[in-house]
Amino acid sequence: MNSKGKLFIISGPSGVGKSTIRERIINTHNNFWYSISMTTRTPREGEINEKDYYFVTKEEFIKNIKEDNFFEYAEVYKDVFYGTPKNKVIEKLENGINVLLEIDVKGALNIKNKYHEAILIFIYPPSIEELKKRLLQRQTDNKDVIEERISKAQYEISFKDRYDYIITNNNLEIAIKNIQSIIEKELKKH
């Protein structure tokens, strides 16, 4: 795939600040497009279908798998699937538009295997304790879900060394500046 746009992928544990960082990048770069994922999970309060995610049933998701409509997909939690719709991403890249994905580690590594030019950025929490505190403060999940997310975080962190860049989010503004620097550096390469 010979594309003009660059593909940036942000991953990291739930609660590490990925969405905030992603929003800032999209709002400060003109030539960036954010690809929303399709998911079988229930929308959180305030989330809007086709803005935050494409919320679908498990059956619809499986139909998309069978029709080869995903750039990548994974069962991130039991019976909770996430996937990146393929056609739009490829179209944007071929038209010289940079694409930003915010996806889990399995999905990111699957894309990197197929699309070696992808630039992977892992957002690392200051500590597991801090991550747990952030998840509790969010008040979007019950304690069991938070425990599952913490367990998942430890698993995801084990893949950080397979990323091109690792940014620790101790301070959101500094983390964003560091990621902005990475993006500027990568965009200058050709």
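Look above for the structure.
Residues numbered from 1 in each chain as written. Predicted model: local features only at pLDDT ≥ 70, side-chain atom pairs only at ≥ 80, totals over all residues. Heavy atoms only, no water.

Chemist: Teacher, can you tell me more about the side chain of Asn169 here?
Modeler: With respect to the secondary-structure elements, Asn169 resides in the loop between β9 (165-168) and α7 (172-188). Under the relative-accessibility criterion, Asn169 is labelled buried at 4%. There is a polar contact of 3.3 Å between the side chain of Asn169 and the backbone nitrogen of Leu172. Discounting chain neighbours no more than four positions away, the residues touching Asn169 are Val16, Gly17, Ile21, Ile123, Tyr124, Pro126, Arg134 and Ala175. (Helix = DSSP H or I, 4+ residues; strand = E, 2+ residues; numbered from the N terminus. Buried < 20%, exposed > 50% of the residue type's maximum accessible area, 1.4 Å probe, protein only. Polar contact = N/O pair within 3.5 Å; in protein donor to acceptor, adjacent residues only side chain to side chain. Contact = heavy atoms within 4.5 Å.)

Chemist: Is there a simple way to think about the layout of surface pockets in this case?
Modeler: By volume, the largest pocket is sized at about 620 Å³. Taken together, 29 residues make up the lining of the largest pocket; nearest its centre are Lys18, Ser19, Arg44, Tyr53 and Glu102. At the level of elements, α1 (18-28), β5 (70-77), β6 (80-85) and α6 (143-157) are the ones that each hand at least two residues to the lining of the largest pocket. Among the elements that take part in the lining of the largest pocket, α1 stands out by supplying 5 residues, more than any other. Its residues assigned to classes, the lining of the largest pocket comprises 8 nonpolar, 8 polar and 13 charged. Considered as a void within the structure, the second largest pocket measures approximately 400 Å³ in volume. Lining the second largest pocket we find 20 residues, and of these Trp33, Tyr34, Ser35, Ile36 and Lys51 sit closest to its centre. When residues of the lining of the second largest pocket are traced back to their parent elements, those giving at least two are α1, β2 (32-34) and α3 (86-94). With 4 residues, the single largest contributor to the lining of the second largest pocket is α1. (1 Å grid on protein atoms, 1.4 Å probe; cavity = no way out; pocket = protein on both sides within 12 Å on 5 of 7 lines; lining within 4 Å. Points joined across faces, edges and corners; volume = space filled by probe spheres on them. Nonpolar A, V, L, I, M, F, W, Y, C, P; charged D, E, K, R; others polar.)

Chemist: Could you clarify how one ought to interpret unusual backbone geometry in this entry?
Modeler: The phi angle at Glu50 is positive, at roughly 70°, despite the residue not being glycine. Its place among the elements puts Glu50 in the loop between β3 (38-39) and β4 (54-55). Not every positive phi belongs to a glycine, and Asp79 is a case in point at roughly 60°. Overall, the relative accessible area of 37% leaves Asp79 in the partly exposed class.

Chemist: What is the right way to read the sheet that holds β5 from this model?
Modeler: Neighbouring strands of a sheet are bound in pairs by backbone hydrogen bonds; such pairs are parallel or else antiparallel. Across the sheet, which stays open at both edges, the 4 strands sit in the order β4-β3-β6-β5 with mixed pairing between neighbours. Each edge of the open sheet is held by one strand with a lone partner, namely β4 and β5. Looking at chain direction, β5 and β6 are connected through 6 bridges and run antiparallel. Each bridged residue has a counterpart across the sheet, and for Tyr73 the counterpart in β6 is Gly83. Taken strand by strand, α3 contacts β5 and β6, and its axis lies near 30° from that of β6. (Pairing = 2+ DSSP bridges. Axes fitted to C-alpha atoms, helices over the stretch in contact; angles between N-to-C directions.)

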